[in-house]
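As a plain string of letters, each chain reads:
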Amino acid sequence: RRSVSVEDSTRVITAYAADYWPDQDSVIAYGVVRARMEGGSVDADTLLYSGRSGNMWASGNVKLVDDAEGITIRAQQYQWRQADSLALVSGHPLLTKGEGESTVTVRAEFMQYDQGNDVAVAWDSVRIRRGGLYAVCDSVIYNSTEEQLVLYGSPRARQRTWNDTTTTVSETTGARMDLDLD
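A few points on the structure. Small disclaimer: the values here were computed from a predicted structure and weren't measured. (Residues numbered from 1 in each chain as written. Predicted model: local features only at pLDDT ≥ 70, side-chain atom pairs only at ≥ 80, totals over all residues. Heavy atoms only, no water.)

### Quick word on the overall build of the protein chain
Secondary structure summary: the protein chain contains zero helices and 17 strands in total. Here the C-alpha coordinates of the protein chain stretch approximately 65 × 30 × 25 Å along the principal axes. When the 182 residues of the protein chain are sorted by exposure, 40% land in the buried category. Look at the contacts in the protein chain between residues 6 or more apart in sequence, and 30% of them connect residues 24 or more apart. With 18 positive and 26 negative side-chain charges, the protein chain shows a spacing of 6 Å between the two charge centroids. (Helix = DSSP H or I, 4+ residues; strand = E, 2+ residues; numbered from the N terminus. Buried < 20%, exposed > 50% of the residue type's maximum accessible area, 1.4 Å probe, protein only. Contact = heavy atoms within 4.5 Å. Lys, Arg positive; Asp, Glu negative; His and termini not counted. Charge placed at Lys NZ, Arg CZ, Asp CG, Glu CD.)

So this is what it looks like as structure tokens:
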């Protein structure tokens, strides 16, 4: 198969194959799809893009990259609403930001990512990690600019710290928990 490319003023979509409907200004791309736009990209197995609205729907091995914030979200389904810069991500999304011990990961059943405000909201079986911190809760709001997590719904957090001779573990629970990651 040959690789195809579809471009407009805001994005470039590449894939193994694509169908374009000029009357609807829409494209559906198949097989190793990449949509590249200012500030990031979306990779998926299949992607539908509406040039009229700027909205996108992607499925299968979805990878969303926000270059400005250094955030990557992997999932199975992705919906993008251009009007409000909002993504709804489902199929066990995993958000990752940073490298090494400062890496933050948030895993849940569902996630909404507001790229305009750099805020992710995750819910249903949420798991959070950063270095020695491990937390679980029903839902979380992650503000990546302020490096702050707000956990809701019976949150539990465990922090492990190591030094030369001992390991200390502290555990916290509550109705709401605010964690500053700075």
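### Examining the packing of aromatic side chains
Using the criterion set out here, one finds one aromatic pair in the structure. Plain terms: the ring middles of phenylalanine 110 and tryptophan 123 are 6.0 Å apart, the flat faces sit at 20° to each other, and that makes the pair stacked. Here phenylalanine 110 is found in strand β11 (residues 110–114), whereas its partner tryptophan 123 is found in strand β12 (residues 119–130), with 13 residues between them in sequence. Given the relative accessible area of 34%, phenylalanine 110 is considered partly exposed. (Phe/Tyr/Trp six-rings, centres within 6.5 Å; stacked < 30°, edge-to-face > 60°.)

### So, unusual backbone geometry
At aspartate 118, a position not held by glycine, the phi torsion is positive, near 55°. Topologically, aspartate 118 is positioned in the loop between β11 and β12. Unusually for a residue other than glycine, serine 154 sits at a positive phi of about 55°.

### A word on the nonpolar core
Ranked by size, the top nonpolar core spans 43 residues in total, and within it Tyr78 and Val106 carry the most contacts. Once residues lying within four places of it in the same chain are set aside, the contact partners of valine 106 are Pro93, Leu94, Leu95, Met111, Ala122, Val126, Arg127, Ile128, Val140 and Leu149. (Core = buried A, V, L, I, M, F, W, Y, C linked by side-chain atoms within 4.5 Å.)

### Side note on the environment of serine 9
By secondary structure assignment, the location of serine 9 is in the loop between β1 (4–7) and β2 (11–15). Considered as a pair, serine 9 and methionine 37 are 28 residues apart in the sequence and their alpha carbons are 9.3 Å apart.

### Section: the pattern of salt bridges
Side chains carrying opposite charge are able to pair once their charged atoms draw close together. Applying the stated criterion to the full structure yields seven salt bridges. Taken together, the shared-partner salt bridges connect Glu69, Lys97 and Glu147 into one network. (Salt bridge = Lys/Arg side-chain N within 4 Å of Asp/Glu carboxyl O.)

### Section: the environment of glycine 54
As for its placement among the helices and strands, glycine 54 is situated in the loop between β5 (40–50) and β6 (56–66). Residue glycine 54 is classed as buried on the basis of its relative accessible area, which comes to 6%. Residues glycine 54 and alanine 175 lie 121 residues apart in sequence; the distance between their C-alpha atoms is 39 Å. The contact partners of glycine 54, leaving out residues within four places of it in the chain, are Arg11, Tyr49, Trp80 and Gln82.

### A short note on a nonpolar patch on the surface
Taken together, Trp21, Leu48 and Trp57 make up a surface patch of nonpolar side chains, about 270 Å² in accessible area. Position of tryptophan 21 relative to the elements: it lies in strand β3 (residues 17–21). By relative accessible area, which is 35% here, tryptophan 21 ends up partly exposed. (Patch = residues over 30% accessible without salt bridge, like charges linked within 9 Å, V, L, I, M, F, W, Y side chains within 5 Å. Areas by Shrake-Rupley, 256 points an atom, 1.4 Å probe, with all protein chains shown as cover.)

### Focus: the pairing of strand β13 (residues 133–143)
Within a regular beta strand, the side chains point alternately toward one face of the sheet and then the other, so they alternate between its two faces. Relative to β13, β12 runs antiparallel, the two sharing ten bridges. Of the residues in β13, the one forming a bridge with valine 126 is cysteine 137. Hairpin connection of β12 to β13: two residues between the antiparallel strands, including glycine 131 at a positive phi of 55°. By the bridge criterion, four bridges tie β13 to strand β15 (residues 156–162) in an arrangement that is antiparallel. Residue pairing for β15: valine 136 is matched across the bridge by arginine 156. In the sheet, β13 pairs with strand β14 (residues 148–152) via five bridges, with the strands oriented antiparallel. Paired with tyrosine 142 across the two strands is leucine 149, which belongs to β14. Between β13 and β14, which pair antiparallel one after the other, the connecting turn spans four residues, and glutamate 147 there sits at a positive phi close to 50°. (Pairing = 2+ DSSP bridges.)

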